[in-house]
Amino acid sequence: FKTLKVQNFLSIRNVEINLENRGLLLINGKNNDNESLNNNGSGKSSLLEAIIFALYGRTMRGLKGDEVVHNITGKNTRVNIEIEDDDGSVYSISRYRKHHVNKNQSVIFKNGTNITPKSESDFNDLIVKILQSDFITFTASLLYSSESFKFTMATDAEIKKAFDTMLNLDIFAKCLEKTREEIKKI
């Protein structure tokens, strides 16, 4: 992860954070809208939610769509994250809600070239392919918190899918499918 840019998302109005080579961080906050709340409601959790929303189009709390728009501004939500893969390719992923220019679009660039798929479903599949991690695996293994996915509450199918993704076992399902296609041809 390289940078995170957030505008009018949940309790955050505008922030840009360098994520590169940061290590373990302590996040403190200051509530500028209501100082009597001290650091409550200052956007600490919203920063993690912004990363997840940029990548997967939903939050750990289950919020999606217009539910993530800042409740005071009510428009122009933009969350952008830049990531670099193992090959050095840089991806810029942006999700918009009620935005004056980009409406409710999701956009992805690879090394400056727009590679945005036509459908939101294909967009989400592309993110999973780039990260090699779906929403459940990402939140359960990388962002462990009280709101993250809990294996104890998961169905057997969800647990199997998470382990298949983590251990890269889905390749065997693809091999089986390819074998079946070859058998049909023969």
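Notes on the structure in this doc start here. Values in this document were obtained by computation on a predicted structure and should not be read as measured data.

### Some points on the overall build of the protein
Okay, so step 1: From N to C terminus, the protein includes five helices and six strands.
Okay, so step 2: Reading the helices (α) and strands (β) of the protein from amino to carboxyl end gives β-β-α-β-β-β-β-α-α-α-α.
Okay, so step 3: Burial statistics for the protein: of 186 residues in total, 34% are counted as buried.
Okay, so step 4: Within the protein, contacts between residues separated by at least 24 positions form 48% of all contacts whose residues are at least 6 apart in sequence.
Okay, so step 5: A total of about 12,000 Å² of accessible surface is found on the protein, and carbon and sulfur atoms cover 51% of it.

### Points about the nonpolar core
Okay, so step 1: Counting 28 residues, the largest nonpolar core has Leu4, Phe9, Leu55, Val79, Ile81 and Ile93 as the members making the most contacts within it.
Okay, so step 2: Of all the secondary structure elements, the ones that give two or more residues to this core are β1 (3-9), α1 (44-56), β3 (77-84), β4 (90-97), α2 (120-131) and α3 (135-141).
Okay, so step 3: Broken down by element, the residue count for this core peaks at eight residues, all from α1.
Okay, so step 4: Not counting chain neighbours up to four residues away, the residues in contact with isoleucine 81 comprise Phe1, Thr3, Leu4, Leu19, Ile51, Ala54, Leu55, Tyr91, Ser92 and Ile93.

### Things to note about the packing of aromatic side chains
Okay, so step 1: Counted under the stated rule, the structure contains four aromatic pairs.
Okay, so step 2: Plain terms: the ring middles of tyrosine 56 and phenylalanine 135 are 5.8 Å apart, the flat faces sit at 80° to each other, and that makes the pair edge-to-face. Of the two residues, tyrosine 56 is situated in helix α1 and phenylalanine 135 in helix α3; the sequence distance between them amounts to 79 residues. Taken as a pair, tyrosine 56 and phenylalanine 135 share a single burial class, namely buried.
Okay, so step 3: Centre to centre, the rings of tyrosine 56 and phenylalanine 138 are 5.6 Å apart; their planes meet at 55°, and the pair counts as tilted. Here tyrosine 56 is found in helix α1, whereas its partner phenylalanine 138 is found in helix α3, with 82 residues between them in sequence.
Okay, so step 4: Geometry around phenylalanine 135 places arginine 58 over its ring, the cationic atom sitting 3.7 Å from the centre.

### So, the pattern of salt bridges
Okay, so step 1: Taken as a whole and assessed by the stated rule, the structure comprises seven salt bridges.
Okay, so step 2: Glutamate 49 serves as the salt-bridge partner of arginine 61, at 2.9 Å between the closest nitrogen and oxygen. Here the residue arginine 61 occupies a position in the loop between α1 and β3, and glutamate 49 occupies one in helix α1, the gap between them amounting to 12 residues.
Okay, so step 3: A salt bridge links aspartate 66 to arginine 97; its shortest N-O distance comes to 2.9 Å. Here aspartate 66, found in the loop between α1 and β3, pairs with arginine 97, found in strand β4; they are 31 residues apart in sequence, far enough to count as distant.

### Some details on the sheet that holds strand β6 (residues 113-114)
Okay, so step 1: Reading across from one edge, β2-β1-β3-β4-β5-β6 is the order of the six strands in this open sheet, with antiparallel pairing throughout. Here the strands that pair on one side only, and so sit at the sheet edges, are β2 (12-18) and β6.
Okay, so step 2: Its contacts with the sheet place α1 against β1, β2, β3 and β4, and it is angled at close to 100° to β1.
Okay, so step 3: Packed on one face of the sheet, α2 meets β3, β4 and β5 (106-110) and runs near 145° to β4.

Reading the values: the criteria
Residues numbered from 1 in each chain as written. Predicted model: local features only at pLDDT ≥ 70, side-chain atom pairs only at ≥ 80, totals over all residues. Heavy atoms only, no water. Helix = DSSP H or I, 4+ residues; strand = E, 2+ residues; numbered from the N terminus. Buried < 20%, exposed > 50% of the residue type's maximum accessible area, 1.4 Å probe, protein only. Contact = heavy atoms within 4.5 Å. Areas by Shrake-Rupley, 256 points an atom, 1.4 Å probe, with all protein chains shown as cover. Core = buried A, V, L, I, M, F, W, Y, C linked by side-chain atoms within 4.5 Å. Phe/Tyr/Trp six-rings, centres within 6.5 Å; stacked < 30°, edge-to-face > 60°. Lys NZ or Arg CZ within 6 Å of the ring centre and 35° of its normal. Salt bridge = Lys/Arg side-chain N within 4 Å of Asp/Glu carboxyl O. Pairing = 2+ DSSP bridges. Axes fitted to C-alpha atoms, helices over the stretch in contact; angles between N-to-C directions.

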